[in-house]
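Results of the structural survey
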Amino acid sequence: MAIVVMKFGGTSVGSVERIRNAARRVIMESEQGNQVVVVVSAMGKTTDHLVTLAEEITSSPSKREMDMLLSTGEQVSMSLLAMALETQGYPAVSMTGWQAELQTEKVHRNARIVSLKGDKIRAKLDAGNIVVAAGFQGITEDGEITTLGRGGSDTTAVAIAAAVGAIRCDIYTDVDGVYTSDPRFVEGARKLQSIEYDEMLELANLGAGVLHPRAVEYAKNYKIPLTVRSSLTDQEGTVIEEVTSMESNLIVRGVAFESDVVRLTIGYEKAFNGSLAMIFTTLAKHNIDVDIIVQSIVDGTSPTVSFTIKKEALSEAIQVLEEKKQELGFQVADFEVGLAKVSIVGSGMVSNPGVAAQMFDRLRQESVPVKMVSTSEIKVSVVVPQQQMIQSANALHDEFRLSELEVQV
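The text that follows walks through the structure, step by step, so that each part is easy to find. (Residues numbered from 1 in each chain as written. Predicted model: local features only at pLDDT ≥ 70, side-chain atom pairs only at ≥ 80, totals over all residues. Heavy atoms only, no water.)

Scanning the chain from terminus to terminus reveals 12 helices and 18 strands. Scaling as 2.2 N^0.38, a compact globule of 409 residues should have a C-alpha radius of gyration of about 22 Å, and the chain matches this with 23 Å. Seen through its principal axes, the chain has C-alpha atoms that stretch 75 × 55 × 35 Å. Among the 409 residues that make up the chain, the fraction classed as buried is 50%. When contacts within the chain are restricted to residue pairs at least 6 apart in sequence, long-range pairs at least 24 apart make up 74% of them. Taken as a whole, the chain presents about 18900 Å² of accessible surface, with 49% of it coming from carbon and sulfur. Taking the 38 positively charged and 53 negatively charged side chains of the chain as two groups, their mean positions are separated by 2 Å. (Helix = DSSP H or I, 4+ residues; strand = E, 2+ residues; numbered from the N terminus. Rg over C-alpha atoms; globule rule 2.2 N^0.38 Å. Buried < 20%, exposed > 50% of the residue type's maximum accessible area, 1.4 Å probe, protein only. Contact = heavy atoms within 4.5 Å. Areas by Shrake-Rupley, 256 points an atom, 1.4 Å probe, with all protein chains shown as cover. Lys, Arg positive; Asp, Glu negative; His and termini not counted. Charge placed at Lys NZ, Arg CZ, Asp CG, Glu CD.)

Put into structure tokens, the structure is as follows:
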């Protein structure tokens with residue numbers, strides 16, 4: 001029997017009625033003759049509610065205790081869904097992250113998966129059960145409960161799919177697929193029938209919230225087909241796979257954007273050998289993610305290095321840098337808030353020079369100042385004022401004609 005993994009997001013299990021709807025879909029898959037593993041997120045806004053409760057107790061809760069608190073949300077969902085399946089006559093068993101032996105690194109709030117053998121899940125499946133697993137959570141080698149960060153249930157689902165040898169992993173959510181941009185903010189955004197792993201990974205990393213980046217990375221590494229589809233309708237979703245044949249003539253496949261970006265600038269009196277390695281090693285030890293990096297060393301001016309981080313990491317980053325100021329050898333650390341990142345993504349950019357120039361020219365026409373730039377083979381990202389983020393995204397979506405079903409190149 002083939003194994004299929006189905007993941008339901010928070011909105012898809014946000015009420016008893018929606019849990020029953022998820023159970024109906026799981027039963028339909030089981031009736032196709034497949035063994036089914038279901039991965040669930042916390043119900044609706046449960047995680048946000050738990051965070052609010054913690055903030056009412058203290059403005060700086062420990063990361064360990066936050067993991068203990070937040071891991072309870074998924075346990076509610078998994079138990080209720082297992083009950084819903086059993087009432088319909090389908091044997092089901094729920095499993096926490098640690099019962100499934102999902103082991104993570106020793107990092108709280110944003111841990112990475114170290115190992116997941118899948119033996120215990122397969123044993124439950126072979127005993128005739130539908131397995132309902134809690135997403136987002138795991139356990140360290142020494143028994144500490146951890147969470148995988150926002151969207152981590154996606155990663156749990158794909159990791160389980162890899163561990164048990166699933167033929168596919170279906171991600172059920174409140175949208176019916178992957179769009180060329182966020183349809184809530186970008187006029188003419190349309191659903192893609194398929195998209196390549198690398199393109200989806202870039203979009204996920206650059207702010208598209210439909211999938212967690214680590215989930216896409218896992219799927220790519222283990223060649224697991226992903227489908228993003230709605231839990232509320234029976235429409236076909238978007239397939240994420242190695243090579244797509246649909247719409248391959250699109251140079252740019254999507255526009256992503258991310259708000260609340262902060263630019264940190266470190267200034268020196270003179271060039272300091274080894275400073276770059278020391279700065280980013282120090283930040284990495286504190287699990288502070290750095291994105292776009294620009295170094296400026298020009299004769300006659302003070303050297304600087306600028307980089308972007310997420311707004312929520314700002315206070316910790318400043319504290320860490322100030323504590324190591326003498327060791328790192330810099331004179332001043334300054335920051336700029338009120339920024340956003342807007343990106344274009346497409347594998348067709350590799351063989352089509354001039355895409356970045358076209359992007360910059362359209363932003364110039366829109367009077368949008370570009371403060372930083374980052375490129376790869378299949379994406380170009382710019383940092384712009386946050387108040388012009390949506391304007392920029394709409395302009396670029398229009399510039400590259402992403403509303404059209406087919407684009408002649």
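So much for the structure itself; the text now carries on.
A separate point is the packing of helix 6 (residues 197-205) against helix 7 (residues 213-222). For the pair helix 6 and helix 7, interaxial distance at closest approach is 8 Å and the crossing angle is 165°. One way to sum up the angle between helix 6 and helix 7 is to call them roughly antiparallel. When you trace helix 6 past helix 7, the crossing you get is left-handed. Here helix 6 contributes Y197, D198, M200, L201, A204 and N205 to the contact with helix 7, which in turn contributes P213, V216, E217, A219 and K220. Along the lines of polarity and charge, the residues of the contact of helix 6 with helix 7 split into seven nonpolar, one polar and three charged. (Axes fitted to C-alpha atoms, helices over the stretch in contact; angles between N-to-C directions. Parallel < 35°, antiparallel > 145°, perpendicular 65-115°, else oblique. Left-handed = near helix turned anticlockwise from the far one by under 90°. Nonpolar A, V, L, I, M, F, W, Y, C, P; charged D, E, K, R; others polar.)

Taken in spatial order, the eight strands of this open sheet run 3-6-2-1-9-11-12-10, and their pairing is mixed. Two strands lie at the open edges of the sheet, namely strand 3 (92-95) and strand 10 (194-196), each paired on one side alone. Here the average twist between neighbouring strands, direction ignored, is 20°. (Pairing = 2+ DSSP bridges.)

Enumeration over the complete set of coordinates arrives at four aromatic pairs. Ring geometry for F8 and Y172: centres 4.8 Å apart, planes at 15°, overall stacked. With F8 in strand 1 (residues 3-8) and Y172 in strand 9 (residues 168-173), this residue pair connects regions lying 164 residues apart in the sequence. A residue is classified by how much of its surface remains accessible, and F8, at 0% relative accessible area, is buried. Here F185 and F257 contribute two aromatic rings whose centre-to-centre distance is 6.1 Å and whose plane-to-plane angle is 85°, an arrangement assigned as edge-to-face. (Phe/Tyr/Trp six-rings, centres within 6.5 Å; stacked < 30°, edge-to-face > 60°.)

Along helix 12 (residues 389-399), the positions that sit buried rather than exposed are M389, S392, A393, A395, L396 and H397. Among the structural elements, strand 13 (254-267), strand 16 (332-345), helix 11 (355-365) and strand 18 (379-385) are those in contact with the buried residues of helix 12.

As a further point, take the pairing of strand 18. Here strand 18 lies mainly inside the structure; seven of its seven residues are buried. Here strand 16 pairs with strand 18 via seven bridges, running antiparallel. From the neighbouring strand, V342 faces strand 18, where its bridge partner is V382.

Further remarks concern the pattern of salt bridges. Tallied over the full model, the rule gives 25 salt bridges. Where R64 meets E65, a salt bridge forms, and the shortest distance between an N and an O atom there is 2.7 Å. Among the residues examined, R64 registers a relative accessible area of 33% and is labelled partly exposed. When the shortest N-O distance is used, the salt bridge between R168 and D170 registers 3.0 Å. Here the residues in one salt-bridge network are E258, D291, K310 and K341, joined through shared partners. (Salt bridge = Lys/Arg side-chain N within 4 Å of Asp/Glu carboxyl O.)

Judged by pairing direction, the sheet is antiparallel, and its six strands sit side by side in the order 14-15-13-16-18-17 without closing on themselves. Looking at the sheet topology across the chains shown, the edges are occupied by strand 14 (293-296) and strand 17 (372-376). Between one strand axis and the next, the sheet turns through 30° on average, direction left out of account. Pairing of strand 17 with strand 18, which is carried by five bridges, proceeds in the antiparallel orientation. Pairing of M372 across the sheet is with V383, part of strand 18. Taken strand by strand, helix 12 contacts strand 13, strand 16 and strand 18, and its axis lies near 130° from that of strand 13.

For the pair helix 1 (residues 16-31) and helix 3 (residues 63-87), the least separation of the axes is 9 Å and the interaxial angle reads 60°. What the angle tells us is that helix 1 and helix 3 run oblique. Handedness of the crossing formed by helix 1 with helix 3: right-handed. In this structure, helix 1 contributes I19, A22, A23, V26 and I27 to the contact, and helix 3 contributes L80, L81, A84 and L85. Residue composition of the contact of helix 1 with helix 3, by class: nine nonpolar, no polar and no charged.

The phi dihedral of K223 is positive, around 55°, even though this residue is not glycine. The topology assignment puts K223 in the loop between helix 7 and strand 11 (226-230). With phi around 55°, D260 is a residue other than glycine that occupies positive phi space. Looking at the secondary structure, you find D260 in strand 13.

Attention now moves to the nonpolar core. Membership of the largest hydrophobic core comes to 47 residues, with the highest contact counts inside it found for V5, I121, I160, C169, M200 and I240. Among the elements that make up this core, the one with the highest residue count is helix 5 (residues 152-164) (seven residues). Contact partners of M200, with chain neighbours within four places excluded, come to V178, I195, V210, L211, V216 and I240. V4, A23, I27 and V38 belong to the second largest nonpolar core, which has 23 residues in total. (Core = buried A, V, L, I, M, F, W, Y, C linked by side-chain atoms within 4.5 Å.)

Treat this as a map of the structure, not an account of what it does.
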